Amino acid sequence: MNKIIEFKDVSFRYSEEEDYVLKNLSLDFYEGQFTCVLGHNGSGKSTMAKLINALLIPNDGKVYTFGYDTADENLEIDIRRKVGMVFQNPDNQIVATIVEDDVAFGPENLGIPREEIRKRVDEALKIVNMYEYRRHEPHRLSGGQKQRIAIAGIIAMQTNCIVLDEPTAMLDPVGRREVMEALHRLKNELGISVILVTHFMDEAVNADRVVVMNEGKVCMDGTPREVFVKAELLKSIGLTVPKPLELAEKLKKAGVEIGGTPLTPTEFAEEFKKITENRG
Amino acid sequence: MSVISVKNLIYGYSKGTPFEKGALKGVSVDIEQGEIVAVIGHTGSGKSTLLQHLNGLLKPDSGDVLFEGKSIYESKKTLRECRFNVGLCFQYPEQQLFESTVYKDIAFGPHNMKLSEEEIKKRVYESLNYVGLSEDYLEKSPFDLSGGEKRRVAIAGVISMEPKVLILDEPTAGLDPMGKNNLLNLIKNYNEKTGNTVIFVSHNMDDVASVAQRVIVMNDGEIALQGTVDEVYSQGERLSELGLDVPEITSLFIELKKSGFDLGDTEYTVEGAKNAILSYLRKGGTL
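**As for the overall build of chain A**
Of the regular secondary structure elements, chain A holds eleven helices and ten strands. Over its C-alpha atoms chain A spans a radius of gyration of 20 Å, differing by no more than 12% from the 19 Å that the globule rule assigns to 280 residues. The C-alpha extent of chain A, read off along each of the three principal axes, is 70 × 50 × 35 Å. Restricting the contact set of chain A to residue pairs at least 6 apart, pairs at least 24 apart contribute 64%. Accessible surface, chain A: about 12,400 Å² in total, of which carbon and sulfur atoms supply 44%. Across chain A, the centroid of the 36 positively charged side chains sits 4 Å from that of the 45 negatively charged ones.

Printed below as a string of structure tokens:
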């Protein structure tokens, strides 16, 4: 798999009086993957995200984004054409008064011809299921709808990778679901690499890869199953495991031999069937 | 007597414009002294609008809000009394911190109540204790704290007025799992130690299940469902219809029942589910 982002021994702090937020962090991201980055508040995950597209520059070490050194100011534009970012607060990232103008803002700045912009905006809005709202005023939309507009704005720039910093933290369950569905479509239908920073464990269940950060370092890295099976370690750094797995673990301790690592209710039901069949 | 009684509340936003929207369409509810009530509902269901009536921030188009049996809108005096007795903490309260030290920020409310310096000091220390922060924080600037700490300071600023009813609008939004647990414990702790009422809004059904005694579900400006956590959570399908999540353990139970396991009542906590499954297995239950 192609490496698209490379952190090499990166250290970062916000000012000289403060402690380092990232300490000798080495971490790679790969093309076409849906990667979830988990960690409690202050673990350094948001700082890591901002280093990817040169919003922050490392104090020590290097970040290469699609081969570009993020510390080189001349490459900033090239980097931002490759990687788009979506933040937590939907109200802070809408610039226009009409939805389609907002989505067109990015490609307009890239100097793309008018017809091409029209085409891209329509396609982007369809992918995030917001096409019918194209002439609406963004401030009258729900949080989930606003976040999907922000995501469409990045799709319209045709970046290869999208980084999202807790995009669902301020949304209700319906809004969260809509955003998560849109993100999985980006990966599956457009092949865009997704890096999702979150502390909702259930959002990580369907990722290709889960990276857990703690105290500015990577403390776990693997498939969701490989990571969540280490429930004790996760709890010790202030995270939780998906509820079905927690239940399975508790049952195991009480002597029930439930197998596997069920991450969803459906997986749990399957494992449960197996043990009752064996007993029967 | 109910501590707060809401009588047939009607309220609309943007009246007289094409965007006119009925936010509350005749809501009546009684809140009892000492209970923990959760208000849930999807975005735009009217839950925040309802809360903002409880301490008179909004004035209804019609209907009334009674605090300890007396209309809060009766006079300026009753409204002022209500504001000190019903403490409302908005979403993202950390955005409202403004003083130079944590002490001053928490003391702001008690100062306005014209309490003695001694009493104010006592209350600042007590509320800091409730939110689980040490005294080392008092001289710090609130802006140097982490997000979760800021939120706790902001909540301490409301608690310091010792409101008989503490209202929190989405207190756990944006917090990590540990911050969330701390906050839920804070709610329980405050309720148990003071015997005061707590009303909170949450989207997270697991959070609600872990602390609330009663649940009110809002939909389209009306109360769609209410009852104990058990009563409300057992109506999984109705909750989905209302745009709400069912707790993960509840959907797990529904899944198990679909597969033919007769596990009895639907559980919504990990602990409850564990016990139900163990007792089912002990009885030798198989397919």
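More follows now that the structure is in view.
**Side note on a negative patch on the surface**
Negative charge collects at one region of the surface, where Glu16, Glu17, Glu18 and Asp19 of chain A together with Asp144 of chain B lie side by side. Here Glu17 of chain A lies in the loop between β1 (3–12) and β2 (22–30).

**Description of the sheet that holds strand β8 (residues 197–201) of chain B**
All names here are of chain B. The strand order across the open sheet formed by six strands is β6-β7-β8-β3-β9-β10, and the pairing between neighbours is mixed. Since the sheet does not close on itself, it has two edges, and those belong to β6 (86–89) and β10 (222–228), each with one partner. Going across the sheet, the axis of each strand differs from the next one's by a mean of 15 degrees, ignoring polarity. As defined by bridge partners, β6 adjoins strand β7 (residues 165–169) across four bridges and the pair is classed as parallel. Pairing of Gly87 across the sheet is with Leu166, part of β7.

**Let's talk about helix α10 (residues 248–258) of chain B**
Residues and elements named next belong to chain B. When α10 is considered as a whole, its buried residues turn out to be Ile249, Thr250, Leu252, Phe253 and Leu256. With its buried residues spanning 160 degrees around the axis, α10 presents them on a single face. Looking one or two places after α10, you find Gly260, whose phi comes out positive at around 100 degrees.

**Thoughts on the interface of chain B and chain A**
Taken together, the contacts link 33 residues of chain B with 37 residues of chain A. Buried surface at the junction of chain B and chain A, both sides included, amounts to about 3,200 Å², of which 69% is carbon and sulfur. Between Glu271 of chain B and Lys250 of chain A there is a salt bridge whose closest N-O contact spans 3.0 Å. At the boundary of chain B with chain A, the tally comes to three residue pairs in polar contact (both at pLDDT 80 or more). For the side of chain B that touches chain A, the secondary-structure elements that each account for two or more residues are α6 (177–194), α10 and α11 (270–282) of chain B. If you tally residues by element for the side of chain B that touches chain A, the top one is α11 of chain B, at eight residues. Each residue belonging to the side of chain B that touches chain A can be placed in one class, and the counts come to 17 nonpolar, nine polar and seven charged.

**Re the sheet that holds β1 of chain A**
Residues and elements named next belong to chain A. With respect to topology, four strands assemble into an open sheet ordered β2-β1-β4-β5, the strand pairing being antiparallel. Looking at the sheet topology across the chains shown, the edges are occupied by β2 and β5 (68–69). With six bridges connecting them, β1 and β2 associate as antiparallel partners. Within β2, the position partnered with Ile5 by the bridge is Phe29.

**What to know about the environment of Asn129 of chain B**
Checked against the element boundaries, Asn129 of chain B lands in helix α4 (residues 117–130). As a C-alpha pair, Asn129 of chain B and Leu239 of chain B span 110 residues in sequence and 37 Å in three-dimensional space.

Basis of the calculations
Residues numbered from 1 in each chain as written. Chains lettered and ligands numbered in written order. Predicted model: local features only at pLDDT ≥ 70, side-chain atom pairs only at ≥ 80, totals over all residues. Heavy atoms only, no water. Helix = DSSP H or I, 4+ residues; strand = E, 2+ residues; numbered from the N terminus. Rg over C-alpha atoms; globule rule 2.2 N^0.38 Å. Contact = heavy atoms within 4.5 Å. Areas by Shrake-Rupley, 256 points an atom, 1.4 Å probe, with all protein chains shown as cover. Lys, Arg positive; Asp, Glu negative; His and termini not counted. Charge placed at Lys NZ, Arg CZ, Asp CG, Glu CD. Patch = residues over 30% accessible without salt bridge, like charges linked within 9 Å, V, L, I, M, F, W, Y side chains within 5 Å. Salt bridge = Lys/Arg side-chain N within 4 Å of Asp/Glu carboxyl O. Pairing = 2+ DSSP bridges. Axes fitted to C-alpha atoms, helices over the stretch in contact; angles between N-to-C directions. Buried < 20%, exposed > 50% of the residue type's maximum accessible area, 1.4 Å probe, protein only. Arc of directions from axis to C-beta. Buried area = accessible area lost by both parts, 1.4 Å probe. Polar contact = N/O pair within 3.5 Å; in protein donor to acceptor, adjacent residues only side chain to side chain. Nonpolar A, V, L, I, M, F, W, Y, C, P; charged D, E, K, R; others polar.

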